[in-house]
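A look at the structure
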Amino acid sequence: MFTLSKNDLSILAKGAALLGSGGGGNPKILLDLVHYQMSIHGDTVIIGNDELPDNCLIVPVAFVGAPLISMEKIPNTKIFDTLYKNIKKDFPDQQIVLMPAEIGGCNALTPFMLASKYGLPVLDADLIGRAFPKINMCKPAILNCKADPTYLTDLHGNAVTLHPKELHSLEKMVRDIVIRFSSTAVIATFILMRDQTDKVISGSISRSLELGRGLLPLKTIQLARGYINDICHQLAGGFLTGHVEVKTTDKNIKIYFQNEFLLAKSENKTIASSPDIIAIIDAKSGIVITTESLQFGIDVILLKIPAPDFWLSPEALLTVHPNVFNLE
Amino acid sequence: MKKFSYKIGIDIGGTNADFVLVNEDNKICAYHKILIQSNLEKIILDGIKKLFTCNDISPHQCSAINIGTTIGVNSLIELKSLQRVGLIRLAGHHPALPPLYQCRPEQRQAILAGYQTLSGGREFDNRAITKIDTTAVHKTLQQLLASGAESLAIISVFSPLYNEDEKQMRDIINMLAPDIPVSLSSEIGGLGFIERENNTIINATLKHVMQKYFSNLKASLEKSGIRCSIHITQNNGTLISINHAIQFPIKTLSSGPVNSLTGSCKIAGLSDAIVVDIGGTSTDIGIIENGFPRYSMSGALIANIPTNFMFPDIQVLALGGGSKVRRTSAGHTIGPESIAADIFTKSLSFGGECLTVFDAGNAINKSFTQISQAEAHAILAVMVDKIKNTIHSLPACEHLPVILTGGGAQNISESYLDKRYIRPKYYQVANAYGAAQAEISGHCDTICSLSQNRETILDELAHHAKQNAIANGANPDKVRIIEKRLLPFYYMPDQLTRVIMTAAG
């Protein structure tokens, strides 16, 4: 158990940006919002699996939609109030413990909007350990958990509760509803019971804080230092896809992305690939560069950070291997 | 003698105003500096008259006066001469973040009188978030005025795409309180609510100081028989009218560094170079490509307030002519402290006790003998090493020549520099020369779908920007597109893209 204060948020955000592998939305969007909420309502308690209260419900939450829209339509607190009210209505007797659904990118900060205001604890875990573009690319999905019920709310008090029969219909329903919700929604999905902690990636918040403090995990490799020489992107099927080229003194490295950086090749030789976390960092400022903020000519450092072990199992690899994304 | 053959460039900094007179061959005919102590308008008038009298030319031979200034930035940093701003947000969903949240409290206190969030704003597809409530405006206005607002800033959600709500609000305010200045966010910045709001608040708070210095300038010049066109340089290095600069002071905030970069290149006759501007306290290092500055990656911080303006990417070293030099067992260290403001009383060369870079420069020129030649060379070697190390760390410009400019550049003697380094004549007044040589621009900033007829649409927008430039007074024979930026809105249908074109000539 430890306390997370508003002064820890920028560290958490920096680590989360690295774990985002270029995707997951820029945490900057939420940083000030959560900071302000915590300056009003106070710190949040982070607990481990063995500290979960007896009769609790583990609720993973995340923003879904287009992060760039939230840059213009700054979220309010109503979107979280509605979510909390609806979950409480269905589970009146359970103590709610929150959790980031996705630690990579802006959603590392999302649970704290709600946790701070209602004094709820946050579990030191998430569902992915990084960021991935699709709902089925998370640990409980691969372990065949049900996402029933799934809650969605918008900024105006609208709410939908879904009872999906299959995961692929969940992805489609969520996408359709998010468009109806003007591309900004908060989701609570893969809600878990106290005895289901084997379905989460444990220690994600601690890991993000460590990364944010500059403590890189073992086997982190600097792949290259160079400058961005070429950017090619397009919007395909609701995803931002394309590649970026980093020119070093002696070679060109191509990094392919679909929302996240998923594959890095040096002269046609793969040097990092999903589930490896691939991060591009502005060498001068240390700012993590997302696929939405790539710019020509910046001096960058290319990092390969190991993914959580879960993703190395054969059944998990089947879902997130670069071949799945039809890159190149 | 030909009519209209001269141009004047003026750079108004924190301490000095620099003046240059440039002839039709773009050569500097005269320059001088005036210490800013009294009334700025008088200094400008005196400075201009001095250029005329020294060169025996009459005012009607001058075609243009261009002014670059850091007045806006300085008043923001010093929190002086600011107007207190009343902010109206049209955002029916009520964002959960107060304005200027990242600012220091005293900054927020000095700049913001109060704010109100009202019904209004649009979704990305132009549906109203909530409808504008015109009856609430009157009450809000009374409240903001009562809390001390002297200038208003208005921001509506997605106004860069759909600006009708902001315009309607301005119309209502103009009827209720015709004297209060109004800044609309849609006329100032791109998408990104908080950054655009910050831009708009900064613009609103600076209107008064710009008005104070520049609103009467044209009339005063005319009274003295000077009737040529007067322009102010803006962030991208081109010119805007005085009235436009008073309406949009935020557009002038980085004109000082930009003039230094472009002016240095033009004096040296280059279009691609690294510019090292050595001042009294600091050295600014920036890159010029194709005649224009390389911009920084993220939006600029103006007096520590995040904005979405692109400013030149400048590395600042705490190293200048007035930097203190310390003798240590391992050799000399320079800076970061500087006595630039007191160089004439505190430096060794002027009988003071402080060893500075300036003294080392003097020793090498043999105008000062208290320190040995060997030591002077050792000090300058440290300085040059620091500059060279920074230059070597700049990405993708190993091939570029390096221009040394600014008052502190005099200290670096030729012997330290290989043939990559250039110190052009008149390097001391590069800023003012940059202003003199600036061109008149026209702008086109719009959002459109590029999924069909992409090239035709871009051509039309380029034409529009050129026409705007010509309407503003640009030379039709020289006008061309100098900036073309396409900012795609990811996740939006039909390749919706913000297109920014600037033409100049």
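Residues numbered from 1 in each chain as written. Chains lettered and ligands numbered in written order. Predicted model: local features only at pLDDT ≥ 70, side-chain atom pairs only at ≥ 80, totals over all residues.

This brings us to the overall build of chain B. Of the regular secondary structure elements, chain B holds 14 helices and 23 strands. For chain B, the C-alpha radius of gyration of 25 Å lies close to 23 Å, the compact-globule estimate for 505 residues. Projected onto its principal axes, the C-alpha positions of chain B cover 75 × 60 × 50 Å. The 505 residues of chain B split such that 47% are buried. Long-range pairs, those at least 24 residues apart, make up 66% of the contacts in chain B between residues at least 6 apart in sequence. (Helix = DSSP H or I, 4+ residues; strand = E, 2+ residues; numbered from the N terminus. Rg over C-alpha atoms; globule rule 2.2 N^0.38 Å. Buried ≥ 20, exposed ≤ 12 C-beta atoms within 10 Å, placed from the backbone. Contact = placed C-beta atoms within 7 Å.)

Let us look at the overall build of chain A. Secondary structure summary: chain A contains nine helices and 19 strands in total. Taken across its 328 residues, chain A has 53% of its residues classed as buried.

As a further point, take the domain arrangement of chain B. Many descriptions give the size of an interface as the accessible area lost when the pieces come together. Per the domain assignment, the segments making up chain B are domain 1 (81–212), domain 2 (271–423) and domain 3 (441–504). The centre of domain 2 of chain B, based on its C-alpha atoms, is set 38 Å off from the matching centre of domain 3 of chain B. (Domains from an automatic or database assignment.)

Moving on: the interface of chain B and chain A. Contacts between the two partners involve 22 residues from chain B and, on the opposite side, 27 residues from chain A. Of the residues contributing to the side of chain B that touches chain A, the split by class is 16 nonpolar, five polar and one charged. (Nonpolar A, V, L, I, M, F, W, Y, C, P; charged D, E, K, R; others polar.)

For the rest of this paragraph, the subject is the sheet that holds strand β6 (residues 112–118) of chain B. All names here are of chain B. Here we have four strands laid out as an open sheet, ordered β6-β5-β7-β8, and parallel in their pairing. The open sheet has two edge strands with one neighbour each: β6 and β8 (182–184). Along the sheet, successive strands turn relative to each other by an average axial angle of 20°, direction set aside. Where strand β7 (residues 151–156) lies against β8, three bridges are found, and the strand directions are parallel. Among the inter-strand pairings, Ala 153 is bridged to a residue of β8, identified as Ser 183. Along the sheet, helix α4 (residues 134–146) contacts β5 (85–90) and β6; its crossing angle with β6, the most-contacted strand, is approximately 165°. Across the sheet, helix α5 (residues 164–176) lies against β5, β7 and β8, angled at about 150° from β7, the strand it touches most. (Pairing = 2+ DSSP bridges. Axes fitted to C-alpha atoms, helices over the stretch in contact; angles between N-to-C directions.)

For the rest of this paragraph, the subject is the nonpolar core. Counting 246 residues, the largest nonpolar core has A:Val59, A:Leu109, A:Ile187, B:Ile8 and B:Ile10 as its most contacted members. The leading source of residues in this core is helix α6 (residues 193–214) of chain B, at 10 residues. Those residues within four positions of B:Ile8 in sequence are excluded, and the remaining contacts are B:Phe19, B:Leu21, B:Ile48, B:Leu51, B:Cys62, B:Ile65 and B:Ala436. (Core = buried A, V, L, I, M, F, W, Y, C linked by C-beta atoms within 7 Å.)

Before going further, it helps to spend a moment on the domain arrangement of chain A. Residue and element names in this part refer to chain A. Taken domain by domain, chain A holds domain 1 (2–212) and domain 2 (221–317). Between the C-alpha centres of domain 1 and domain 2 the distance comes to 25 Å. Listed as interface residues are 18 residues of domain 1 and, on the opposing side, 22 residues of domain 2. Those elements that provide at least two residues to the side of domain 1 that touches domain 2 are α1 (9–19) and α6 (139–142). Tallying contributions element by element places α1 first for the side of domain 1 that touches domain 2, with three residues. Its residues placed into classes, the side of domain 1 that touches domain 2 shows nine nonpolar, six polar and three charged.

On to α6(B). Residues and elements named next belong to chain B. Here α6 is 22 residues long and its end C-alpha atoms lie 30 Å apart, about the 32 Å a rise of 1.5 Å per residue gives. In α6, a bend of some 40° at Leu 206 exceeds every other bend along the element. The buried count for α6 comes to 19 of 22 residues, which makes it a mostly enclosed element. (Expected span 1.5 Å × (residues − 1). Bend = angle between axes of the 7 residues up to and from the residue.)

This paragraph deals with the confidence of the model for chain B. On average, residues of chain B score 88 in pLDDT, and 98% of them reach the 70 mark or higher. Predicted as a complex, the structure gets a pTM of 0.88 and an ipTM equal to 0.90. (pLDDT = per-residue confidence, 0-100.)

Moving on: the pairing of strand β7 (residues 150–153) of chain A. Residue and element names in this part refer to chain A. Here β7 shows no split at all, with Thr 150 and Leu 152 on one side and Tyr 151 and Thr 153 on the other all buried. Taken together, the four bridges between β7 and strand β8 (residues 159–162) define a ladder with antiparallel strand orientation. Each bridged residue has a counterpart across the sheet, and for Thr 153 the counterpart in β8 is Ala 159. Here β7 hands over to β8 after five residues, with Gly 157 in that stretch at a positive phi of 95°.

Let us look at the sheet that holds strand β12 (residues 221–236) of chain A. Residues and elements named next belong to chain A. Spatial strand order, β16-β15-β14-β13-β12-β19-β17-β18: eight strands in an open sheet with antiparallel pairing. Because the sheet does not close on itself, it has two edges, and the strands there are β16 (269–273) and β18 (288–289). The sheet contact formed by strand β17 (residues 277–282) and β18 spans two bridges and is antiparallel. For Ile 281, the partnering residue across the bridge sits in β18 and is Val 288.

Before going further, it helps to spend a moment on unusual backbone geometry. Each neighbour pair has its own omega, and for A:Asp148 with A:Pro149 the value is 5°, a cis peptide bond. Mapped onto the elements of the fold, A:Pro149 is located in the loop between α6 and β7. Here the bond from B:Gly335 into B:Pro336 is cis, since omega is 0°, no more than 30 degrees from zero. Looking at where B:Pro336 falls in the secondary structure, it is placed in strand β18 (residues 331–338). At A:Ser21, a residue that is not glycine, the phi angle is positive and equals roughly 55°. Here A:Ser21 lies in the loop between α1 and α2 (28–41).

For the rest of this paragraph, the subject is the packing of helix α11 (residues 357–364) of chain B against helix α12 (residues 373–393) of chain B. Residues and elements named next belong to chain B. Closest axis-to-axis distance for the α11/α12 pair is 9 Å, and the angle between their directions is 130°. As the angle between them shows, α11 and α12 are arranged oblique. Here the hand of the crossing between α11 and α12 comes out left-handed. Only Gln 373, Ala 376, His 377, Ile 379, Leu 380 and Met 383 of α12 make contact with α11, whose side of the interface consists of Val 357, Ala 360, Ala 363 and Ile 364. (Parallel < 35°, antiparallel > 145°, perpendicular 65-115°, else oblique. Left-handed = near helix turned anticlockwise from the far one by under 90°.)

What follows covers the pairing of strand β13 (residues 239–247) of chain A. In summary, the side chains of a regular strand alternate between the two faces of the sheet. All names here are of chain A. When β12 meets β13, the two strands line up antiparallel, connected through nine bridges. What sits directly across from Gln 234, in β13, is Thr 241. Hairpin connection, β13 to strand β14 (residues 252–258): the antiparallel pair is bridged by four residues.

Residues and elements named next belong to chain A. Residue position: Gly 129 is located in the loop between β6 (125–126) and α6. When the C-alpha atoms of Gly 129 and Pro 100 are compared, they prove to be 9.9 Å apart, with 29 residues separating the residues in sequence. For Gly 129, the residues in contact, after removing those within four places along its chain, are Ile 103, Ile 201, Ser 204, Ala 307, Pro 308 and Phe 310.

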